[in-house]
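Examination of the molecular architecture
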Amino acid sequence: PMIRYPQQRYCRQQSVLNDARSCPNVESFLQESEKAHAFLPLFPFLIQVTAAVLTVFTPSAVLPPTCEGLMVLSAFLLNTVCFAWATTELYELTKLILVQAKLSEDMADNDKIAQEWSSRVTLLFIINPASVFFGSAYSESLGALLVFAGCRCVTMTQVSRCSTPLLLVGATLFWWLGCWVRSNGALYAGFLMLYGVALMLNSRESWTSRLLSVPF
């Protein structure tokens, strides 16, 4: 919101609309706006990093002449990479879930069916009506990438029992970074809580299992 409503332009627009010379404080406007709380600083930070890299390694004649144009180009390139990566993560995640579901008794047919349906899921993800948000200067692509990567790590814990702690650390890291992209990313902490509760209930040595096994 600070970029969309800088101090001078905001005051000028309000003075024209309200026919008044005074304008409200922009800081109070940001505090009242939900846009200031939904999107957190990781995505703008990565846009700045991408813009800095483009400035160093790209000829100035190729880049947009204005700072706003450079930021838009950086956001577009960043979202293109994140969207492609998120699509790959979604494909691998769906394939992993379907392979574990054992849709067919034959292993070869099971893999073929999993690949076919994973491709369909990925295609629907690409052509969905909300895909416009994945290409514009919006945090949806980065958020989807981190969410899918965390879900994939959690799903892989059912396959690789020996590396379960490392995969859980990876899922925690991805979802923690997702919280720095969008505020609703904190909801994915519930998956880790549910997984911890499941471990306690499945462990015979846990006090929860012993308590539940006491006959009444």
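Please refer to the structure higher up on the page.
An account of the accompanying structure is given in this report. (Residues numbered from 1 in each chain as written. Predicted model: local features only at pLDDT ≥ 70, side-chain atom pairs only at ≥ 80, totals over all residues. Heavy atoms only, no water.)

1. Considerations on the packing of aromatic side chains
Summed over all chains, the structure comprises 9 aromatic pairs. Each ring, one from Phe133 and one from Tyr138, has its centre 5.1 Å from the other, and the planes form 45 degrees; the classification is tilted. Ring geometry for Trp175 against Phe191: centres 5.7 Å apart, planes inclined by 40 degrees, an arrangement best described as tilted. Here Trp175, found in helix 9 (residues 164-179), pairs with Phe191, found in helix 10 (residues 189-202); they are 16 residues apart in sequence, far enough to count as distant. Overall, the relative accessible area of 5% leaves Trp175 in the buried class. Taken together, the ring pairs in this structure connect Phe83, Phe125, Phe134 and Phe148 into an aromatic cluster. (Phe/Tyr/Trp six-rings, centres within 6.5 Å; stacked < 30°, edge-to-face > 60°. Helix = DSSP H or I, 4+ residues; strand = E, 2+ residues; numbered from the N terminus. Buried < 20%, exposed > 50% of the residue type's maximum accessible area, 1.4 Å probe, protein only.)

2. Let's talk about the nonpolar core
A general feature of soluble globular proteins is that nonpolar side chains tend to end up buried together. Of all hydrophobic cores here, the largest spans 24 residues; its most connected members are Phe43, Phe125, Leu142 and Phe148. Listed by contribution, the elements that provide at least two residues to this core are helix 4 (42-57), helix 5 (67-101), helix 8 (140-156) and helix 9. Ranked by the residues each element gives to this core, the list is headed by helix 8, at 9 residues. Dropping the residues within four chain positions of it, Leu142 is found in contact with Leu42, Phe43, Leu46, Cys82 and Val181. (Core = buried A, V, L, I, M, F, W, Y, C linked by side-chain atoms within 4.5 Å. Contact = heavy atoms within 4.5 Å.)

3. Examining the pattern of salt bridges
Oppositely charged side chains are able to pair whenever their charged atoms sit close together. On inspection of all chains with the given rule, the structure shows 3 salt bridges. Across the pair Arg152 and Glu89 runs a salt bridge whose closest N-O atoms are separated by 3.4 Å. Remark: Glu89 occurs in helix 5 and Arg152 occurs in helix 8; sequence separation between them is 63 residues. Since its relative accessible area comes to 24%, Arg152 is described here as partly exposed. With a closest N to O distance of 2.7 Å, Glu116 and Arg120 form a salt bridge. Pair noted here: Glu116 and Arg120 are both in helix 6 (residues 107-126), with a separation of 4 residues, about one helical turn. With relative accessibility at 37%, the residue Glu116 sits in the partly exposed group. (Salt bridge = Lys/Arg side-chain N within 4 Å of Asp/Glu carboxyl O.)

4. Re helix 9
Its 16 residues place the ends of helix 9 22 Å apart at the C-alpha level, agreeing with the 22 Å of an ideal helix rising 1.5 Å per residue. Along helix 9, the residues classified as buried are Thr164, Leu167, Leu168, Gly170, Ala171, Trp175 and Gly178. All buried residues of helix 9 lie within an arc of 160 degrees about the axis, which places them on one face of the element. Within helix 9, the exposed residues directed more than 90 degrees away from the buried face are Pro165, Leu166 and Val169. Where helix 9 is buried, its residues meet helix 8 and helix 10. (Expected span 1.5 Å × (residues − 1). Arc of directions from axis to C-beta.)

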